Amino acid sequence: MIEKFLIGTYTKNQSKGIYQIELDTDKPALQNLQLVAKAGSPTYVAESKAHRIYAVERVMEDNELHGGVVDLDGTTIPAKELQKIVEMGSSPAYITVDEKRQFVYTANYHTGDVTIFKIGPDGLLAATDRVHDHGQVGPRPEQADGPHPHYVDISFDGRLVVCDLGLDQIFLYDLTPEGKLELVSGLTLEPGFGPRHITYIEELGKAYLVGELSSKVAVLNYNEETAQFEIEQVVSTIPADWTEHNGAAAIHLSSDHRFIYVSNRGNDSIVVFSVQSDGKLKQIQRVSTEGEFPRDFNFNRSEDFLIVANQNTDNATLFQRDVASGKLTLIQKDFTVPEGTCVAHRQD
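Owing to the predicted nature of the structure, the values given are computational and were not obtained by experimental measurement. (Residues numbered from 1 in each chain as written. Predicted model: local features only at pLDDT ≥ 70, side-chain atom pairs only at ≥ 80, totals over all residues. Heavy atoms only, no water.)

### Section: the sheet that holds strand β7 (residues 80-88)
Heads up, the rule is: Any two strands are treated as partners once DSSP identifies two or more bridges connecting them. Strands are runs of DSSP state E lasting at least two residues, helices are runs of H or I lasting at least four, and both sets are numbered from the N terminus onward. Axis lines are fitted through C-alpha atoms, for helices just across the contact stretch, and the angle between N-to-C directions can take any value from 0 to 180 degrees.
Overall, antiparallel pairing links the four strands, which are arranged β4-β5-β6-β7 in an open sheet. If you trace the sheet from one side to the other, it starts and ends with β4 (45-47) and β7, each paired once. The average angle at which neighbouring strand axes cross in this sheet is 30°, direction not considered. As paired strands, strand β6 (residues 64-73) and β7 are joined by eight bridges and run antiparallel to one another. Bridge pairing links Leu72 to Glu81 in β7.

Written out as structure tokens, the structure reads:
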């Protein structure tokens, strides 16, 4: 079987924009790198069920940096640009599609803003709201210049969660049908935690928050009625004797809710945790990504395989995943992907 993935990238060196790669699950191997669309550092991408590719975009206009969102027709390669929404300043760090409510959300690490876009009947985007995070900045040098929202996406009860690395906080919002945000609650983590991404297990009432700056995962209890988070457990993603720089990056949960995976940039590894019956985490494996700076990774549809994009060494790594034990086995490590930063499923 052939499965396809979109690869978001930086375009500082060899990359030209958004790429597609294939996973042949019978071989098994990664193959057939193709340029889908030229774009300026489309570091995060998402494809809707209507085959619209929404990506962050960075362009120079009148010798000034502009950032925003580009909307592409994903039915052909090369993909045709349908819309571009940019403004002066840096591009967002994260973008995602809300299929149920037909919105697109972005989090801009540099400007401190979260923006909501409504998807129109023609697939085009129109901004409906924007919020700027406020709070006390954390103690790390990376936090000194203010809020840094790195993620905005849906919780299992339909609210929006914003992870702000600069403020060591996560914020919870309600979203009106018109696309307006209403702040509900927040949670402050330990100083220097650096919240980056989050995932959930609804039946346990748990959230799992990865901290980039701390290289830790916080297990959070979530009360739907009060819309409040509380910290239950904090575990490290790196060895106890690791003294060099590390930034934890992506976090993904297996669909059976038994295992959680986190990538480390610096330690250049994927760490595997088993989810205990009470929702707490126990580390069971750490494997090298066979490359440098693994910002993102993803499972294939059946979750028998895991693909890692190593940004600094321009390669993707393929692991076979034992669905019973959760553990990973290296299969392929030398597949060329320039400056890869995001691994996203293509829609069937």
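There is more to say, and it comes next.
### Section: unusual backbone geometry
Among all residues except glycine, the phi angle is most often negative; among peptide bonds, the trans geometry is most common. Let me state the cut-off plainly: Type-normalised accessible area, obtained with a 1.4 Å probe on protein chains alone, sets the label of each residue: buried when under 20%, exposed when over 50%, and partly exposed for intermediate values.
The amide bond that connects Lys27 to the next residue, Pro28, takes the cis arrangement and shows omega of -20°. Along the chain, the position of Pro28 falls in the loop between β2 (17-24) and β3 (29-38). With an omega of 5°, the peptide bond running from Ile77 to Pro78 counts as cis. With phi around 55°, Ser215 is a residue other than glycine that occupies positive phi space. Looking at Ser215, the relative accessible area reads 2%, which means it is buried. One non-glycine residue with positive phi stands out, namely Phe293, at about 70°. Relative to the helices and strands, Phe293 is located in the loop between β23 (281-288) and β24 (294-299).

### Focus on the pattern of salt bridges
Rules: Whenever Lys or Arg places a side-chain nitrogen within 4 Å of a carboxyl oxygen from Asp or Glu, that contact is recorded as a salt bridge.
Under the counting rule described, the total for this entry stands at 15 salt bridges. Lys216 is paired through a salt bridge with Glu190; the nearest N and O atoms lie 3.0 Å apart. Linking Lys216 in strand β18 (residues 216-223) with Glu190 in the loop between β15 (181-188) and β16 (195-201), this pair joins segments that are 26 residues apart in sequence. Looking at Lys216, the relative accessible area reads 27%, which means it is partly exposed. Take Glu190: its relative accessible area is 32%, and that puts it in the partly exposed class. In the salt-bridge network here, residues are joined through shared partners; they are Glu57, Glu81 and Lys84.

### Description of the packing of aromatic side chains
How we decide: Two rings from Phe, Tyr or Trp (for Trp, the six-membered ring) form a pair when their centres are within 6.5 Å of each other. A pair whose planes differ by under 30 degrees is stacked, one over 60 is edge-to-face, and the rest are tilted. Charge over a ring is defined by NZ of Lys or CZ of Arg lying within 6 Å of the ring centre and within 35 degrees of the ring normal.
This model, assessed by the stated rule, comprises seven aromatic pairs. Judged by centre distance (5.4 Å) and plane angle (85°), the rings of Tyr261 and Phe299 are edge-to-face. Pair noted here: Tyr261 is in strand β21 (residues 259-265) and Phe299 is in strand β24, with a separation of 38 residues, a long-range link. Classification of Tyr261 by relative accessible area gives buried; the value is 0%. Taken together, the ring pairs in this structure connect Phe156, Tyr200, Tyr222 and Phe229 into an aromatic cluster. Between Lys118 and the ring centre of Phe103, over which it is positioned, the NZ or CZ distance is 4.4 Å.

### Considering the sheet that holds strand β11 (residues 125-132)
Remark on secondary structure: sheet strands pair via backbone hydrogen bonds, oriented parallel or antiparallel. One open sheet accounts for four strands, arranged β8-β9-β10-β11; its pairing is antiparallel. Strands with a single pairing partner mark the edges of an open sheet, and in this sheet they are β8 (94-98) and β11. This sheet shows a mean twist of 20° between the axes of neighbouring strands, independent of strand direction. With six bridges joining them, strand β9 (residues 103-108) and strand β10 (residues 113-119) adopt antiparallel strand pairing. Each residue of the ladder has a partner; that of Tyr105, found in β10, is Ile116.

Note that every value here comes from positions in space, so none of it alone points to a role or purpose.
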